[in-house]
Amino acid sequence: MLITHNHRRSLPAFLVTLALPCILQTAALFFPLAYERHAILAGQWWLLLTGGWLHHNLPHLLLNQAALALLWLWGADLVSGWRLLFVLIALVTAVDLELLLFDPATLRYWGLSAALHGLFAYMTIKALCQGERSALIWAAMLILKLWFDYHRVDQYTAHLIGTRVHTFSHLLGAVSGALIGICCKLGSRIKYPFPLSR
């Protein structure tokens, strides 16, 4: 895997993104930051912004950090600069909000894996829009992974992270990432009648 100019340019953003779950995990020892449905409905709306960044235990955190690092190494040309952090913030918030709206049975939720599924979907859409045919294979892999999540229980990962794997959130993340990718592509084609910057 080649280290490109975009890897070097986006390294600060990647390191901040990598550090953010660790910072929030530490802050959660002192402040309520985890996704808790009843607390959100009682008015603690900021949990929608922070909940998906927290993890159940250290192996859970390290597993998602490793996945984030692999996605950055693979796709720094697709999500360059600070866009990586902004897309993940949008995905964490979207997944937490969708869980609140569409999954009332989920009272508590941890982990970045849903947003990482979304990041993979976002990057796949970007690659498809750039004409990369290999992105069709990536899309097929993501669909296969989601199918696997739905039809089989991953006992090994559940044992490792100390809680069940929340497969519905993976689907929500993937759909959200694809929609964000499509919206970004459509937005880039809009011709504005006035300059957006001076």
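Up top is the structure these notes are about.
My aim in this report is to walk through the structure given alongside it, one point at a time. (Residues numbered from 1 in each chain as written. Predicted model: local features only at pLDDT ≥ 70, side-chain atom pairs only at ≥ 80, totals over all residues. Heavy atoms only, no water.)

Attention shifts here to the overall build of the chain. A tally of regular secondary structure across the chain gives 9 helices and 2 strands. Going from N to C terminus, the chain has its helices and strands arranged as α-β-α-α-α-α-β-α-α-α-α. Taken over C-alpha atoms, the radius of gyration comes to 17 Å for the chain, in line with the 16 Å a tight globule of 198 residues would show. Dimensions of the chain along its principal axes, counting C-alpha atoms only, are 45 × 40 × 30 Å. Taken over 198 residues, the chain has a buried fraction of 41%. Within the chain, counting contacts between residues at least 6 apart in sequence, those at least 24 apart form 80% of the total. Within the structure as shown, the chain displays about 11400 Å² of accessible surface, and the carbon and sulfur contribution to it stands at 70%. (Helix = DSSP H or I, 4+ residues; strand = E, 2+ residues; numbered from the N terminus. Rg over C-alpha atoms; globule rule 2.2 N^0.38 Å. Buried < 20%, exposed > 50% of the residue type's maximum accessible area, 1.4 Å probe, protein only. Contact = heavy atoms within 4.5 Å. Areas by Shrake-Rupley, 256 points an atom, 1.4 Å probe, with all protein chains shown as cover.)

Throughout the structure, instances matching the rule amount to 1 salt bridge. A salt bridge links Asp149 to Lys145; the shortest N-O distance between them is 2.8 Å. Taken together, the residues span about one helical turn, with Asp149 and Lys145 both in helix H7 (residues 134-151) at a distance of 4 residues. (Salt bridge = Lys/Arg side-chain N within 4 Å of Asp/Glu carboxyl O.)

Let us look at the layout of surface pockets. Taken as a whole, the largest pocket encloses approximately 810 Å³ of empty space. Taken together, 29 residues form the lining of the largest pocket, with Asn64, Ser113, His117, Lys145 and His170 sitting closest to its centre. Those elements that provide at least two residues to the lining of the largest pocket are helix H4 (58-75), strand S2 (108-109), helix H6 (113-129), H7, helix H8 (155-161) and helix H9 (167-189). The element contributing the most residues to the lining of the largest pocket is H4, with 7 residues. Residues that form the lining of the largest pocket fall into these classes: 15 nonpolar, 9 polar and 5 charged. (1 Å grid on protein atoms, 1.4 Å probe; cavity = no way out; pocket = protein on both sides within 12 Å on 5 of 7 lines; lining within 4 Å. Points joined across faces, edges and corners; volume = space filled by probe spheres on them. Nonpolar A, V, L, I, M, F, W, Y, C, P; charged D, E, K, R; others polar.)

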